[in-house]
Amino acid sequence: MGDIQFVFEGHFVKYRTLFLEMCPPPMTIRKGHILCSQCHTSGWMYYMLDGLSKVYITTNDGNERIIDFMKRDTLIGMDCINPEHRSVVSISSITDMQVLPFTPKMLKSMLLKNPELGFDLAVYYGEVLRQVAYTAGNMGIADLRGRLASFLLLFLDTPDYRKTQKIALTQEEVASFINVSRAQVAKMFGQLRKEGVIATGNRYVTVLNPEKLMGYSAF
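Residues numbered from 1 in each chain as written. Predicted model: local features only at pLDDT ≥ 70, side-chain atom pairs only at ≥ 80, totals over all residues. Heavy atoms only, no water.

Some remarks on the overall build of the chain
- Secondary structure assignment for the chain yields eight helices and 11 strands.
- Since a compact globule built from 219 residues should have a radius of gyration of about 17 Å, the 18 Å found for the chain is in line with a globular shape.
- Along the three orthogonal principal directions, the C-alpha set of the chain runs to about 55 × 40 × 30 Å.
- Across the 219 residues that make up the chain, the buried fraction comes to 42%.
- The contacts in the chain between residues at least 6 apart in sequence include a share of 75% that link residues at least 24 apart.
- Surface summary for the chain: the accessible area is close to 11,000 Å², and the carbon and sulfur share equals 55%.
- If the 24 positive side-chain charges of the chain are averaged to one point and the 21 negative ones to another, these points end up 5 Å apart. (Helix = DSSP H or I, 4+ residues; strand = E, 2+ residues; numbered from the N terminus. Rg over C-alpha atoms; globule rule 2.2 N^0.38 Å. Buried < 20%, exposed > 50% of the residue type's maximum accessible area, 1.4 Å probe, protein only. Contact = heavy atoms within 4.5 Å. Areas by Shrake-Rupley, 256 points an atom, 1.4 Å probe, with all protein chains shown as cover. Lys, Arg positive; Asp, Glu negative; His and termini not counted. Charge placed at Lys NZ, Arg CZ, Asp CG, Glu CD.)

Here it is, written out as structure tokens:
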């Protein structure tokens, strides 16, 4: 089970040039923008050049259930590849992102130009399926500090963090992203501050000791 992923990154790096050649120009997606909405179909999919997005569903009680996170050189929005089917997930940007938009027709042209992409797509979504099944059975009982640590570590290699050394999120936002209560986040933040692992301010977190935080990571 050690190869289960919670964060997807780098799976299509060898096809980056192909997507750059055959997709429309890169788009900047600002933090908080919803690229794909549950129960709707946008008709567009995206190759992530940089940044961080979350894939999630909204439950009947209005809460978000995080499925996974996507970083650079992955594909998002593939739930909309068939225009006759509505998306069962939502996708939104956690940080500013650079993406390449493409349609099913464009993807088909890329597959014809490089058939090896088809095999790697199958492998990629096999991994996504494994992760979804694993998360469905384990996210509710995973160690909360490990879940928080894994989430914070996602940001250390994003453009925003490299520039500011700050994860620009409130406690409410962090709680929503990792499916815990705000009170639980506040308690864990307090523990990590005492240990010198993080510093917090008005709507931001800074990781002071990435190595120790990685030791708490659940993924």
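Describing the packing of aromatic side chains
- Under the criterion given, the structure shown has eight aromatic pairs.
- Relative to Y15, the ring of F12 lies with its centre 6.3 Å away and its plane at 45°, an arrangement referred to as tilted. Comparing F12 with Y15 shows no difference in burial state: the two are buried.
- Between F19 and Y47, the ring centres sit 4.7 Å apart and the planes meet at 35°, which makes this aromatic pair tilted. (Phe/Tyr/Trp six-rings, centres within 6.5 Å; stacked < 30°, edge-to-face > 60°.)

Structural notes on the side chain of K71
- Turning to its location among the elements, K71 is positioned in the loop between β6 (64-70) and β7 (75-76).
- Within the structure, the side chain of K71 is placed 3.3 Å from the backbone oxygen of L154, a separation counted as a polar contact. (Polar contact = N/O pair within 3.5 Å; in protein donor to acceptor, adjacent residues only side chain to side chain.)

A few points about helix α4 (residues 144-153)
- Counting buried positions along α4 gives eight out of 10 residues, so the element sits mostly inside the fold.
- Among all positions in α4, only G146, R147, L148, A149, S150, F151, L152 and L153 are buried.
- Buried residues along α4 sit in contact with β6, α6 (171-178), α7 (182-194), β10 (198-201) and α8 (210-216).

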